[in-house]
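# Reading the structure
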Amino acid sequence: MAATGNRKVDAAGIDAWRELFEAKPERGGELFSTLSGVENEPLYSPETVAVDYDRDLGFPGVFPFTRGVYPSMYRGRLWTMRQFAGFGTAAETNERFRYLLEHGQTGLSTAFDMPTLMGLDSDHARSEGEVGREGVAIDSLEDMRTLFAGIPLGDVSTSMTINSPAAMLLAFYVCVGEEQGVPRDRLRGTIQTDILKEYIAQKEYIFPPEPSMRLVTDMVEFTAREMPLWHPISVSGYHIREAGSTAAQELAFTLADGFTYVEWAVERGLDVDEFAPRLSFFFNAHLDFFEEIAKYRAARRIWATLMRDKYGAKDPRSWLMRFHTQTAGVSLTAQQPEVNLVRTALEAMAAVLGGTQSLHTNSFDEALALPTEHAVRLALRTQQVIAHETGVVNTIDPLGGSYYVEHLTNELERQAYEYFERIEKLGGVVAAIKENFFQREIAEASFRYQSEVEAKQRIIVGVNKYVLEDEQPIEILKVDAKLEQEQIERVQALRARRDTPTVEAALARLQDDAAHEDRNLIGPIIDASRAHVTMGEMCDALRHIWGTWRETPVF
Amino acid sequence: MTNAKIRVVVAKPGLDGHDRGAKIIARALRDAGMEVIYTGLHQTPEQIVETAIQEDADAVGISILSGAHMTLVPRILDLLRKDGAEDVLVVVGGTVPQDDADELKKQGVAAVFGPGATTSEIVDFLKGAVPV
């Protein structure tokens, strides 16, 4: 392989430098490896990094897309600044949405509360104390209508972070679109629907893996045919990383999940180019600056290569890995929380240098509670400063050709392929989930990291060094407990008001269709939504047919 | 001092799936020589108390990051009392605002560990608080 620099490095020069370098002892205590434990040499040069420019890097918008998915990147259009928001009831969150749109945000992103994520209505016994706490509570079409009141769905793109009951929430959204006069083929947005990472990391699952995958595939099929502007899956590494994985695990497990969705859809009979252009990705931006940038670059290259060469995609749009990024929630500290502004800014910078298509920056108070409006505005301003004041947007992939970044890109790519092989040997992603493979790998990595922190081999400013005694508490957001009762009353009033026979008929049809594997469930779910069947009732109907999932806990 | 190991149930009540902390704690307690039973996710207060009693636990460590701590933790304390198991030490870990932590301690929680707490401080606390 040709070295990237074209110019041969003088071997004597390297030896001379090494001698000088070794003459001075290195600092002790802190590790020099990346946050994920990848060993770092003190210096990289053309001698140590093998890159074939045309084969490995190429040009932005050109295979293998290492340097970016679009030819013009941020010269053409900045990334979408998309702050994730949701708390309390639909009305509260609608207000926050409008606030963000007024302050220059260009896309919406919805956080749902735990009961919604788990397919439980707000008045379910297990929802008590959790309604509206970590996101917005959505039980029915009625709540969805309130959530998007005054927001024209034909003009915004909306992201919804929901997985197990994704089909129901998409159905509500389609119905709200219809009511606003926006047909489904004009709706733009993304719904997460990444059930595999739920079993692996986020753990908000309802049904066993196989019927869950069938529902996901139903959605991929439905949107491919009826919602051409919609992204039916956002394959997510974010939660895998937050659960404690390394960067390489995040990269490998996410891509393996992505390929698994492709395999299921192809198995269903879809042509890969019919749906692959609408798959998108979601990554974490952690603190190890160069490792993160390398991760995004490696991700693009692997996806393009395997989609073309293994899955036979011919449409170049199927090769593109487009992704959203969120800064690392786990890197935020409850101690000296203002310092989180700095952490988030650095992480966001890595995401931008890595070529992200959209970005959420965390608010500095999020290790303590959901963010206040003030904290959210500062987080958005952070992105605006990067976009407009720092100049990093002026040149595409400005770190391309850096010996170190190219080395790390190669290294993460290598580790990802190694994981693909191990997963393959276990029988694929679903089989590996059942064997707790991912869960164990992640637990192992997070324990190693925690041990390094406790040994002060990793320093966290304000936590294990530079600690302040007597910290002053900051003002945090408190979700009004009253909202839970209001939401319970709202869903119960809806049940009393709607037409019971229509509801029962819709549920019976959904169950019947669920029992037949050859039927696509999205149509019946949209019909049930229109009949004001609640999300929890639809999930219950499916639980009845498919059963539920419980993992064997490992630690 | 006898050779009896401290028995701890590490529990995840409620609906949130954030199990990173619970697993780290479970492993650290085990490495420190304790007998650890990890309940797994999405447990009801009833299930947690039942496990604590069945396992004859000295302590229950509740990991919660869903914001539902003021609903779920008092219920666990109540059920323990009702079952005559109020001697089981209850500790909580997670994102718990200071006023809530104070209130939970008033109700009988022995300690609340927030973000940034180290495993060694939790191990030390349990070793000091559980009479062996």
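What counts, and where the lines are drawn
- Residues numbered from 1 in each chain as written.
- Chains lettered and ligands numbered in written order.
- Predicted model: local features only at pLDDT ≥ 70, side-chain atom pairs only at ≥ 80, totals over all residues.
- Heavy atoms only, no water.
- Helix = DSSP H or I, 4+ residues; strand = E, 2+ residues; numbered from the N terminus.
- Rg over C-alpha atoms; globule rule 2.2 N^0.38 Å.
- Buried < 20%, exposed > 50% of the residue type's maximum accessible area, 1.4 Å probe, protein only.
- Contact = heavy atoms within 4.5 Å.
- Areas by Shrake-Rupley, 256 points an atom, 1.4 Å probe, with all protein chains shown as cover.
- Expected span 1.5 Å × (residues − 1).
- Arc of directions from axis to C-beta.
- Patch = residues over 30% accessible without salt bridge, like charges linked within 9 Å, V, L, I, M, F, W, Y side chains within 5 Å.
- Salt bridge = Lys/Arg side-chain N within 4 Å of Asp/Glu carboxyl O.
- Pairing = 2+ DSSP bridges.
- Right-handed = clockwise from strand over helix to strand, strands pointing away.
- Phe/Tyr/Trp six-rings, centres within 6.5 Å; stacked < 30°, edge-to-face > 60°.
- Axes fitted to C-alpha atoms, helices over the stretch in contact; angles between N-to-C directions.
- pLDDT = per-residue confidence, 0-100.

What follows covers the overall build of chain A. Helix and strand counts for chain A stand at 23 helices and 10 strands. Relative to a compact globule of 555 residues, whose C-alpha radius of gyration would be 24 Å, chain A shows 24 Å and is just as compact. Going through the 555 residues of chain A one by one, you find that 60% of them count as buried. Sequence separation of 24 or more characterises 79% of the internal contacts of chain A that already satisfy a separation of 6 or more. As displayed, chain A offers around 21,700 Å² of accessible surface, 52% of which is attributable to carbon and sulfur atoms.

Take the overall build of chain B next. Helices and strands together make up the secondary structure of chain B, namely 5 helices and 5 strands. Tracing chain B from N to C terminus, the helices and strands come up as β-α-β-α-β-α-β-α-β-α. For a compact globule of 132 residues, the expected C-alpha radius of gyration is about 14 Å, and chain B comes in at 13 Å, within 12% of that figure. Summarising its shape, the C-alpha atoms of chain B cover approximately 40 × 35 × 25 Å along the three principal directions. Expressed as a percentage of its 132 residues, the buried residues of chain B come to 56%. Excluding contacts between residues fewer than 6 apart, the proportion of contacts in chain B whose partners are at least 24 apart in sequence is 74%. Here chain B has roughly 5,500 Å² of accessible surface; of this, 48% comes from carbon and sulfur atoms.

All names here are of chain A. For helix α21 (residues 500-514), built from 15 residues, the straight-helix expectation of 21 Å at 1.5 Å per residue is met to within 8% by its first-to-last C-alpha distance of 21 Å. All buried positions along α21 are accounted for by Val 503, Ala 506, Leu 507, Leu 510, Asp 513 and Ala 514. Burial along α21 is one-sided: seen end-on, the buried residues are contained in an arc of 130 degrees. Looking at α21, the residues exposed on the side facing more than 90 degrees away from the buried face are Pro 501 and Glu 504. Close packing links the buried residues of α21 with α9 (209-226), α22 (522-530) and α23 (535-546).

Along the chain, A:Leu368 turns up in the loop between β10 (358-360) and α16 (373-388). For A:Leu368, a relative accessible area of 23% gives the class partly exposed. In this structure A:Leu368 touches A:Ala334, A:Pro337, A:Ile474, A:Ile476 and B:Thr95, once residues within four positions along its chain are discounted.

With that settled, the discussion passes to a nonpolar patch on the surface. A cluster of nonpolar side chains, namely A:Leu287, A:Val342 and A:Leu346, defines an oily patch on the protein surface of about 250 Å² accessible area. As for its placement among the helices and strands, A:Val342 is situated in helix α15 (residues 340-353).

A few words on the pairing of strand β3 (residues 59-64) of chain B. Residue and element names in this part refer to chain B. For β3, the tally of buried residues reaches 6 of 6 residues, placing the bulk of the element in the interior. Of the two faces of β3, the one carrying Ala 59, Gly 61 and Ser 63 and the one carrying Val 60, Ile 62 and Ile 64 are both buried. With 4 bridges joining them, strand β1 (residues 7-11) and β3 adopt parallel strand pairing. Residue pairing in the sheet places Val 10 in a bridge with Gly 61 of β3. Alignment of β3 against strand β4 (residues 89-94), held across 6 bridges, turns out to be parallel. Looking across to β4, one finds that Ala 59 is bridged to Leu 89. Handedness of the β-α-β unit built from β3, helix α3 (residues 69-82) and β4 comes out right-handed.

Throughout the structure, instances matching the rule amount to 31 aromatic pairs over all chains. Ring plane angle 85 degrees and centroid distance 5.1 Å describe the contact between A:Phe207 and A:Trp546, whose orientation is recorded as edge-to-face. Here A:Phe207 is found in the loop between α8 (195-202) and α9, whereas its partner A:Trp546 is found in helix α23, with 339 residues between them in sequence. Side by side, A:Phe207 and A:Trp546 carry an identical accessibility label, which is buried. Consider the rings of B:Phe113 and B:Phe125, whose centres lie 5.8 Å apart with planes at 75 degrees: the pair is edge-to-face.

All names here are of chain A. Taken in spatial order, the 5 strands line up as β1-β10-β9-β8-β7 in an open sheet, and their pairing is parallel. The two strands at the open ends of the sheet, each matched to only one other strand, are β1 (80-81) and β7 (233-236). On the sheet, α15 packs against β8 (279-285), β9 (323-327) and β10 and is oriented at approximately 165 degrees with respect to β9.

Before going further, it helps to examine the confidence of the model for chain A. The pLDDT averaged across chain A works out to 95; a share of 99% of its residues lies at or above 70. For residues 1-5 of chain A, every residue scores under 50 in pLDDT, and the model assigns this stretch 12 contacts once sequence neighbours within four places are set aside.

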